[in-house]
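Notes for the structure review
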Amino acid sequence: MRIVLVGPPGAGKGTQAAYLAKNLSIPHISTGDLFRANISQGTPLGKQAQEFMKAGELVPDEVTVGMAKDRMSQADAAEGFLLDGFPRNLDQAKALDEILAAQDITLDGVLDLEVPEDEVVKRIAGRRTCRSNSAHTYHVEYKKPKTDGVCDECGGELYQREDDREETVRKRLEVYHRETEPIIDYYRGQGLVVTISALGKVAEVTERAMAALDRQA
Ligand code: AP5
Ligand code: ZN
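Residues numbered from 1 in each chain as written. Chains lettered and ligands numbered in written order. Predicted model: local features only at pLDDT ≥ 70, side-chain atom pairs only at ≥ 80, totals over all residues.

A look at the site of ligand 1
The criterion, for reference: By definition, a residue lies near a molecule or strand when the C-beta atom built from its backbone is within 6 Å of it. Each helix is a run of DSSP H or I of at least 4 residues and each strand a run of E of at least 2, with the numbering of both proceeding from the N terminus. All amino acids are sorted into three groups, where Ala, Val, Leu, Ile, Met, Phe, Trp, Tyr, Cys and Pro are nonpolar, Asp, Glu, Lys and Arg are charged, and the leftover types, Gly among them, are polar.
The environment of ligand 1 is made up of 36 residues, and the closest members are Pro9, Gly12, Gly14, Gly32 and Gly85. Listing elements by their share of the shell around ligand 1, those giving two or more residues are α1 (13-24), α2 (31-41), α3 (44-54), β6 (137-139) and α8 (202-216). Here the residues of the shell around ligand 1 sort into 12 nonpolar, 15 polar and nine charged.

In structure tokens form, the structure reads like this:
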């Protein structure tokens, strides 16, 4: 299955993607996680992305599309993938269409996670992220680690992402409404969008998402 996950910052895309990718046996491809891994390794790509992320702005398409394309061409993505955080504007959506068309494949669905803004702010304010792997996320109230400040999965140190500061979150939300929301209509025109509420317990949202994707398949 080839799926795009879309939703505002803090909607729970990364959280859901981890479960959905496991259930569907497809890799979870998060451009945010790829950028953060490059930043922590000090690669040239990481250096290009760093300032944009810190400011809550989108990393330029020239950098992002190439990175996403490379990741999608890896062997584990041959049978399907779950894209989280890509595409993030109309130009990226069109670039993705071209990448897929060149391989004669198409998307199966676009899962749109709907969450009210006040909930998003609460989720981001309490989020703690693993320094060793930014796909490992926790929440001070909703998903506490067994040991304070330590990742259950890998023992890494938990910290608050620099772009999770309140003023940057506001910027990211603004960028989401302006740049990313239009791709939902773009995909709606292709009959691909399923919208679900991302409120409730993590497992309830996963169940809702699996049911929606089953209907879409
Ligand atoms: P990215 O890393 O993609 O961030 P984002 O889209 O802003 O999404 P988040 O990671 O903030 O949130 P999420 O929806 O994954 O929520 P999570 O599951 O963690 O992008 C970061 C930056 O990278 C961008 O600003 C941009 O600069 C750059 N970038 C990335 N992709 C790009 C692209 N394609 N083009 C250009 N630039 C790009 O959940 C949030 C919290 O809530 C967690 O603490 C979690 O434990 C908790 N939670 C989750 N579900 C629930 C629930 N059901 N109930 C209670 N708590 C919950
Ligand atoms: Zn970890």
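Let us keep going from here.
Here's the deal with the UniProt feature "domain: Adenylate kinase active site lid" (unreviewed entry) in the protein
To keep things clear, this is the line we draw: UniProt positions are given in the numbering used here, feature names are shortened, and annotations may be inferred rather than shown by experiment.
Residues annotated in UniProt with the feature "domain: Adenylate kinase active site lid" (unreviewed entry) correspond here to residues 127-163. The span residues 127-163 is 0% helical and 24% strand by assignment, and the distance between its end C-alpha atoms comes to 11 Å.

Digging into the pairing of strand β5 (residues 127-130)
So the rule is basically this: Labels follow a simple rule on C-beta atoms placed from the backbone: if 20 or more others lie within 10 Å of a residue's own, it is buried; if 12 or fewer, it is exposed; otherwise it is partly exposed. Criterion used throughout: strands pair if DSSP finds at least two bridges between them.
Judged by which residues are buried, β5 turns out to be covered on both faces: Arg127 and Thr129 on one side and Arg128 and Cys130 on the other are all buried. Pairing of β5 with β6, which is carried by three bridges, proceeds in the antiparallel orientation. Pairing of Arg127 across the sheet is with His139, part of β6. Linking β5 to β6, which pair antiparallel, is a turn of six residues. As defined by bridge partners, β5 adjoins strand β7 (residues 158-159) across two bridges and the pair is classed as antiparallel. In the strand pairing of β7, Cys130 is matched with Leu158.

Topic: the sheet that holds strand β4 (residues 109-114)
Defined as follows: Here, axes are lines fitted to C-alpha atoms. For helices the fit covers the stretch in contact, and angles between N-to-C directions go from 0 to 180 degrees.
Taken in spatial order, the five strands make up an open sheet running β2-β3-β1-β4-β8, and their pairing is parallel. Looking at which strands have only one partner, the edges of the open sheet turn out to be β2 (28-30) and β8 (193-197). Pairs of neighbouring strands in the sheet enclose a mean axial angle of 25°, with direction left out of account. Of the strand pairs in this sheet, β2 and strand β3 (residues 81-84) are connected by three bridges, and their pairing is parallel.

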